[in-house]
There are 2 protein chains.
Amino acid sequence: MSPTAGPRELVDQALRAALDRLDPHTRHCCGYHLGLWDADGRSLPPARHGGKALRPTLALLSAQAAGVPVEQGVPAAVACELVHNFSLLHDDVIDGDTERRHRPTVWARFGVAEAILAGDAMLTLALEVLGDVGSATAPAAVSRLSATVRRLIAGQSADVAFEKRDDVTLPECLAMAADKTAALFSCSASLGAVLAGAPEHVVEGLATYGDHLGMAFQLTDDLLGIWGDQAVTGKPVLSDLRARKKTVPVVVALSSNDPPGRQLRELYAEPIPLTGPDLERAAHLVESAGGRTWTQAEVDRQISAAVEVLDGLDLPPVVHAELTALAHRLRVRDH
Amino acid sequence: MSPTAGPRELVDQALRAALDRLDPHTRHCCGYHLGLWDADGRSLPPARHGGKALRPTLALLSAQAAGVPVEQGVPAAVACELVHNFSLLHDDVIDGDTERRHRPTVWARFGVAEAILAGDAMLTLALEVLGDVGSATAPAAVSRLSATVRRLIAGQSADVAFEKRDDVTLPECLAMAADKTAALFSCSASLGAVLAGAPEHVVEGLATYGDHLGMAFQLTDDLLGIWGDQAVTGKPVLSDLRARKKTVPVVVALSSNDPPGRQLRELYAEPIPLTGPDLERAAHLVESAGGRTWTQAEVDRQISAAVEVLDGLDLPPVVHAELTALAHRLRVRDH
């Protein structure tokens, strides 16, 4: 059974109920960020709500993977979606990003204080929602989500540090991507099962599946950050290169000793901001140095690994099929 | 029994163990903030660690109030200290404060990204430490702490909003102080009892005691923010007035229709930054308009109310005596 409108509506309702616990101004900023309403509080159509909702979908499927009704995965879905959005809110402040999902970011629209506090609020609600489940499995879920947030923080901290360094290695870069993105996919894919009291090997298998899925997702993000269509991604074109981000394709290229790799190192080392023609040239050099090909191949490898993990788990057939399909859909992701 | 070196050392150890779960850079920033080490990682003497540690002391006494050994209050003490410091880290970014406890703040020393992430990390660890207790009472503790963090956020959000308003009423201002400060005192004074599984009326009584204590603490802070000795408080002199903060003594004075109140309103309404002589004059006007006297009387009233609550709780006599003494000590606080 795929998560139909029913469970997705339950997640939406539970998310709104969580926001209702906040003071009005913080709640307003959180709902604006989630695309529930515009800056003046007017409701937005559901299509504008936070995009693909991959993490809640995974959390719901993870409960079903453990053989319990999908409804039992709702707190996990809400918690993961809240943590994801907490990290976006703070990352936008840290990175100075003014736009997300074709709208001004919360700090750009309301202020830095508001964005920091809205992020704090969503992180708090995430752990609160799990604590409130009331089952004997709730503390393990709180522990898993907390450990995940620590990894998100480690990943973002490394990301910030990498911008000031010119000697980032590929293993460091992959570890950063694992912390920054794969950790929450891993948690989403296993948290519903944790709440459902699934056996350890199922929980860990789903977590590993999520890890691979998250790596594939982040590497695709890195590719879209350079070669994506701005009209589709909603992000300013080549912004990752402009910020001299050490994303995976870039680091692969920087690590190459062929001429394009050397030229890219020289370009990245220049103390002036990268603009129009330089950015195009940087993108071209990343590709010539093999950064694009290696990363695309790694996406495929991660998706295959994710699917392979599932095959060893003896899941209910429909859930197995859904999780497999979800992994394959990442191959053709364009936003 | 007073919390001796023993339990305080246990809190210190548990706090350090919690930080050890973080990535090295975030851990470094958190420990710097707590005064465990300097910016280069050299250990600092215990006297430099976070001041009075009122919140952990309250949490430990709260466990003893429920009749369990003081050790059982340690996770509550650590969690409350972590939440307190999470809020300081983020408030320093939001308020642009460059100094705290006679040292540069984390954002001023390491960067805004680092301070946001260090705060996020401490908030996460706080809830994680409670979730990890493993007792049947842990989820209730997570819920109580989460609800408290939501109030801290509401209070800080109101504080930020008040700076842009010139019509803040005294009830609004007191509600802000209750959220921003009293909420965490209330939580600290009751969280050990929650973990200990104390009866509802004991938990709520201790929470109410903590609320009164926290109000007395915040109002004293407001007084010290205007009339405190910088060498003792470690805060730049008159900084609250410089930032046109709507603290309780200021709002009492602004609400007065006597000449000093009117003059203060005119001074606060001027669009230019307040400097040296204007700040001295503002402080004088707050006093002449009755802001200082009213606030001092309110501190006394809150301390008396705190002590009165304790009298109705039938606590172990030594714990009752400690909590009473702690309340009375706030009367003569100078930092």
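Residues numbered from 1 in each chain as written. Chains lettered and ligands numbered in written order. Predicted model: local features only at pLDDT ≥ 70, side-chain atom pairs only at ≥ 80, totals over all residues. Heavy atoms only, no water.

- The name an unreviewed UniProt entry assigns to chain A is Geranylgeranyl diphosphate synthase type I, from the organism Thermasporomyces composti.
- Under the UniProt heading Sequence similarities (unreviewed entry), the note attached to chain A is "Belongs to the FPP/GGPP synthase family." (UniProt positions renumbered as here; feature names shortened; annotations may be inferred.)

## Re the nonpolar core
Part 1 of the reasoning: Counting 185 residues, the largest nonpolar core has A:Tyr209 and B:Tyr209 as the members making the most contacts within it.
Part 2 of the reasoning: In contact with A:Tyr209, other than residues within four places in its own chain, are A:Leu58, A:Ala189, A:Ala306, A:Val309, A:Leu310, A:Leu323, A:Leu326 and A:Ala327. (Core = buried A, V, L, I, M, F, W, Y, C linked by side-chain atoms within 4.5 Å. Buried < 20%, exposed > 50% of the residue type's maximum accessible area, 1.4 Å probe, protein only. Contact = heavy atoms within 4.5 Å.)

## Some words on the relation of the copies chain A and chain B
Part 1 of the reasoning: With an axial shift of 0.0 Å and an RMSD of 0.0 Å, the rotation relating chain A to chain B amounts to 180°. Taken together, the rotation and translation relating the two chain copies correspond to the operation of a two-fold axis.
Part 2 of the reasoning: Both copies share a contact surface, since 100% of the interface residues of chain A are interface residues in chain B too. (Least-squares fit on C-alpha atoms with pLDDT ≥ 70 in both.)

## Some words on the side chain of B:Asn85
All names here are of chain B.
Part 1 of the reasoning: With respect to the helices, strands and loops of the structure, asparagine 85 is situated in helix H4 (residues 74-95).
Part 2 of the reasoning: Residue class for asparagine 85 comes out buried when judged on its relative accessible area of 0%.
Part 3 of the reasoning: Excluding its chain neighbours within four sequence positions, the residues that come into contact with asparagine 85 are His33, Leu34, Arg101 and Met122. (Helix = DSSP H or I, 4+ residues; strand = E, 2+ residues; numbered from the N terminus.)

## Side note on the interface of chain A and chain B
How big an interface is tends to be stated in terms of the accessible area lost upon association of its parts.
Part 1 of the reasoning: Taken together, the 35 residues of chain A in the interface contact 35 residues of chain B.
Part 2 of the reasoning: With both chains or domains summed, chain A and chain B bury close to 2900 Å², and 69% of this area falls on carbon and sulfur atoms.
Part 3 of the reasoning: When the buried area of chain A at its contact with chain B is split by residue, A:Leu117, A:Arg150 and A:Ile153 rank highest and sum to 20% of it.
Part 4 of the reasoning: Where chain A touches chain B, the interface holds four salt bridges.
Part 5 of the reasoning: Among the salt bridges present, the one from B:Glu128 reaches A:Arg150, with a minimum N-O distance of 2.7 Å.
Part 6 of the reasoning: In this assembly, chain A and chain B are joined by eight residue pairs in polar contact (both at pLDDT 80 or more).
Part 7 of the reasoning: Looking at the side of chain A that touches chain B, the elements with two or more residues in it are helix H2 (24-34), helix H4 (74-95), helix H6 (112-131) and helix H7 (138-163) of chain A.
Part 8 of the reasoning: Taken together, the residues of the side of chain A that touches chain B break down into 18 nonpolar, nine polar and eight charged. (Buried area = accessible area lost by both parts, 1.4 Å probe. Salt bridge = Lys/Arg side-chain N within 4 Å of Asp/Glu carboxyl O. Polar contact = N/O pair within 3.5 Å; in protein donor to acceptor, adjacent residues only side chain to side chain. Nonpolar A, V, L, I, M, F, W, Y, C, P; charged D, E, K, R; others polar.)

## Let's talk about the environment of A:Thr247
All names here are of chain A.
Part 1 of the reasoning: Inspection of the secondary structure assignment puts threonine 247 in the loop between helix H11 (239-242) and helix H12 (248-254).
Part 2 of the reasoning: When the C-alpha atoms of threonine 247 and phenylalanine 162 are compared, they prove to be 9.4 Å apart, with 85 residues separating the residues in sequence.
Part 3 of the reasoning: For threonine 247, the contacting residues outside a window of four places in its chain are Cys173, Asp222 and Asp240.

## Thoughts on helix H8 (residues 170-195) of chain A
Residue and element names in this part refer to chain A.
Part 1 of the reasoning: Given a rise of 1.5 Å per residue, 26 residues ought to cover 38 Å, and the 35 Å separating the end C-alpha atoms of H8 matches this to within 8%.
Part 2 of the reasoning: Of all the bends in H8, the greatest, near 45°, is centred on alanine 182.
Part 3 of the reasoning: Most of H8 is tucked away: 21 of the 26 residues are buried.
Part 4 of the reasoning: Phi for glycine 197, located one or two positions after H8, is positive at around 75°. (Expected span 1.5 Å × (residues − 1). Bend = angle between axes of the 7 residues up to and from the residue.)

## As for helix H3 (residues 54-65) of chain B
All names here are of chain B.
Part 1 of the reasoning: Counted at 1.5 Å a residue, the expected span for H3 with its 12 residues is 16 Å, and the 16 Å between its end C-alpha atoms agrees.
Part 2 of the reasoning: Burial analysis of H3 places 12 of its 12 residues in the buried class, the great majority of the element.
Part 3 of the reasoning: Those residues of H3 that sit buried are Leu54, Arg55, Pro56, Thr57, Leu58, Ala59, Leu60, Leu61, Ser62, Ala63, Gln64 and Ala65.
Part 4 of the reasoning: Positive backbone phi, approximately 85°, marks glycine 67, located one or two places after H3.

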